[in-house]
Amino acid sequence: MSDTMGQLSWLEGGAERSAQWRSESGWPAPKKVVVADDTMTADTAYRLALEGTALLWRGDFQNARQLLSALVRRVEHKSDRARRAKAGKAPASPSELFHRHRLQQLQRARTLAMLLIPFDAGHAIPLRRAPDVREACLEAYGPADAPYVASLRELLGVIGAHEWRRKGVRIPSLDAHIHPWYGVFSPVRGEYVELVAQAPLPQGAAGTKLAFDIGAGTGVLSAVLARRGVQRVLATDMDARALGCARENIARLGLAAQVDIVQTDLFPEGRAALVVCNPPWLPGKPSSAIEYAIYDPDSRMLKGFLGGLAQHLEPGGEGWLILSDLAEHLGLRTREKLLGWIADAGLQVIARHDVRPTHGKASDPDDPLHAARSREVTSLWRLRAHPVATSE
């Protein structure tokens, strides 16, 4: 299930060696690789990483983790110096700040990804004091029949995701936990889940019979709708991990008789009294597969949902669009453009329910995007198709 980009080759002990290369970010295998161990200093490692030379670790695993922490400190120090140098210049626009921040994050990730860890077949790490990561890697990558190499930073993300999957995220409206898989967006921002839990369901005989959940992810919104009494929910997604994750969560919650998980792009066939969608909130190009949960290239999913909604609603049915206005505060999309897309799709806004985010970055003055995040509002837009005019 991992994005494998060919072979990684390097010289070691005077001989040419190679192994499979894995990168969830979709980065190609580094062209320059040197073997590194406990004798390499952090300054040397940082210089090589900046030059684009990867370090294949052969020393103690815990020392590799310490080296990665040292690289993080050097990258952050460089970023602080760059911010101070720009402090006296004219203030950048919100969109310039956003694009500058994304570029810095990409450069940071690329530099830190230069520290590589070898794996044997079966996901075992042949290093001193290496942890047993076989279960975590099997969840993220699937089986490994041959040796491979991946970045230590990615491995730490895999380990962290394994812990999230094991412990789960508590969802108050479900009085239960949702267990996200690696690469599937975790419902840690609970305000949007609460909006779906509290908005009034469509009225009428068909109001609680069938709902569509477009882009189901972990399946959390499908579970909330089922628990609210919707008799049947059709949840859709295109990502294989999301489909497996949603099925597992729905089964764990005992809702498999009410919720069907379907692999399709946006809408399933037919019409429903309620169609819910929580698309990625920011227009932009993802820099990795995981970022598709955050960035919607050219607002494809948002515009696709709005454009097809009227054709998939029962008469009198509602579409619920869950969307943050962060993109508006960053200058990436205007409210007028969003309202224009809604109107052009033959839809009308019948209500909107708003909530302020409570996550840490919303109140962190040191966040580069704090000015925009501090004004962010998450909304549930209740949409209905305009009545079709008939001639007498």
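You'll find the structure just up there.
Residues numbered from 1 in each chain as written. Predicted model: local features only at pLDDT ≥ 70, side-chain atom pairs only at ≥ 80, totals over all residues. Heavy atoms only, no water.

### Things to note about the sheet that holds strand β10 (residues 232–237)
Thought 1: Ordered in space as β11-β10-β9-β12-β15-β17-β16, the seven strands form an open sheet in which the pairing is mixed. In the strand order of this sheet, the two ends are held by β11 (259–263) and β16 (347–355), each with one partner. Averaged over all adjacent pairs, the angle separating strand axes in this sheet is 20°, with direction ignored.
Thought 2: Relative to the sheet, helix α7 (residues 220–227) contacts β9 (210–214), β10, β11, β12 (272–277) and β15 (313–324), its axis offset from that of β10 by approximately 175°.
Thought 3: Those strands touched by helix α9 (residues 300–309) are β9, β12, β15, β16 and β17 (378–385), and its axis lies near 165° from that of β15. (Pairing = 2+ DSSP bridges. Helix = DSSP H or I, 4+ residues; strand = E, 2+ residues; numbered from the N terminus. Axes fitted to C-alpha atoms, helices over the stretch in contact; angles between N-to-C directions. Contact = heavy atoms within 4.5 Å.)

### So, the packing of aromatic side chains
Thought 1: Applying the stated criterion across every chain yields a total of five aromatic pairs.
Thought 2: Geometrically, the ring pair formed by F119 and Y148 is stacked, given 4.5 Å between the ring centres and 5° between the ring planes. Linking F119 in strand β5 (residues 115–119) with Y148 in strand β6 (residues 148–151), this pair joins segments that are 29 residues apart in sequence. Residue F119 shares its accessibility class with Y148, and that shared class is buried.
Thought 3: Ring geometry for F267 versus F305: centroids 6.0 Å apart, planes at 15°, classification stacked. Residue F267 is found in the loop between β11 and β12, and its partner F305 is found in helix α9; the two are separated by 38 residues along the sequence.
Thought 4: Residue F267 is classed as buried on the basis of its relative accessible area of 11%.
Thought 5: The structure contains a cluster of three or more aromatic residues connected by ring pairs, namely F119, Y141 and Y148. (Phe/Tyr/Trp six-rings, centres within 6.5 Å; stacked < 30°, edge-to-face > 60°. Buried < 20%, exposed > 50% of the residue type's maximum accessible area, 1.4 Å probe, protein only.)

### Let's talk about the side chain of H179
Thought 1: Among the structural elements, H179 can be located in the loop between β8 (176–178) and α6 (190–198).
Thought 2: Among the residues examined, H179 registers a relative accessible area of 7% and is labelled buried.
Thought 3: Reaching out from H179, the side chain makes a polar contact with the backbone oxygen of R165 at a distance of 2.7 Å.
Thought 4: With residues up to four places along the chain from it excluded, the contact list for H179 reads R165, R166, K167, G168, C245, N249 and R252. (Polar contact = N/O pair within 3.5 Å; in protein donor to acceptor, adjacent residues only side chain to side chain.)

### Thoughts on the pairing of β6
Thought 1: Of the two faces of β6, both are covered, the one formed by Y148 and A150 as well as the one formed by V149 and S151.
Thought 2: Here strand β2 (residues 15–22) runs beside β6; their pairing, made up of two bridges, is parallel. Along β6, the bridge assignment pairs Q20 with Y148.
Thought 3: Across four bridges, the pairing between β5 and β6 is antiparallel. Across the sheet, residue F119 finds its bridge partner in β6, namely Y148.

### Thoughts on the packing of helix α4 (residues 134–141) against helix α5 (residues 152–167)
Thought 1: Between α4 and α5, the shortest axis-to-axis distance is 9 Å and the interhelical angle comes to 95°. Regarding the angle of α4 to α5, the classification is roughly perpendicular. Mapping the contact onto sequence places E135, A136, C137, E139, A140 and Y141 in α4 and E154, L155, V158, I159, H162 and R165 in α5.
Thought 2: Among the residues forming the contact of α4 with α5, the class breakdown is seven nonpolar, one polar and four charged. (Parallel < 35°, antiparallel > 145°, perpendicular 65-115°, else oblique. Nonpolar A, V, L, I, M, F, W, Y, C, P; charged D, E, K, R; others polar.)

### Regarding unusual backbone geometry
Thought 1: Residue L266 is not a glycine yet carries a positive backbone phi of 65°.
Thought 2: In this fold, L266 is placed in the loop between β11 and β12.
Thought 3: Judged by relative accessible area, which is 13%, L266 ranks as buried.
Thought 4: Positive phi outside glycine occurs at S299, with the angle close to 55°.

### Things to note about the environment of P172
Thought 1: Assignment of secondary structure puts P172 in the loop between β7 (169–171) and β8.
Thought 2: Here the alpha-carbon distance between P172 and S287, two residues 115 residues apart in the chain, equals 32 Å.

### With respect to the pattern of salt bridges
Thought 1: In this structure the tally under the stated criterion is 22 salt bridges.
Thought 2: Two residues, R17 and E12, come together in a salt bridge whose shortest N-O distance is 3.1 Å.
Thought 3: Judged by relative accessible area, which is 39%, R17 ranks as partly exposed.
Thought 4: Here E12 falls in the buried class, since its relative accessible area comes to 18%.
Thought 5: In this structure, R189 and E376 form a salt bridge, with 3.0 Å as the shortest nitrogen-oxygen distance. Here R189, found in the loop between β8 and α6, pairs with E376, found in the loop between α12 (370–373) and β17; they are 187 residues apart in sequence, far enough to count as distant. Take R189 and E376: they sit in the same class, and that class is buried.
Thought 6: A single network of salt bridges, built from pairs that share partners, joins E12, R17 and R58. (Salt bridge = Lys/Arg side-chain N within 4 Å of Asp/Glu carboxyl O.)

### A few points about the pairing of β15
Thought 1: Along β15, nine of the 12 residues are buried, which leaves the element largely enclosed by surrounding structure.
Thought 2: One ladder, built from five bridges, connects β12 with β15; its direction is parallel. The residue bridging V276 from the neighbouring strand is W320, located in β15.
Thought 3: Strand direction decides the pairing type here: β15 and β17, joined by six bridges, are antiparallel. Paired with L321 across the bridge in β17 is W381.

### Brief notes about helix α8 (residues 240–252)
Thought 1: With 13 residues, α8 ought to run about 18 Å at 1.5 Å a step, and its terminal C-alpha atoms sit 18 Å apart, in line with that.
Thought 2: Listed in full, the buried residues belonging to α8 are R241, A242, L243, G244, C245, A246, N249 and I250.
Thought 3: On the buried face of α8, the contacting elements are α4, β8, α7, β10 and β11.
Thought 4: A distance of 3.1 Å separates the backbone nitrogen of R241 from a side-chain oxygen at the start of α8, and that oxygen is part of D239.
Thought 5: Immediately downstream of α8, the backbone of G254 shows phi near 70°, a positive value. (Expected span 1.5 Å × (residues − 1).)

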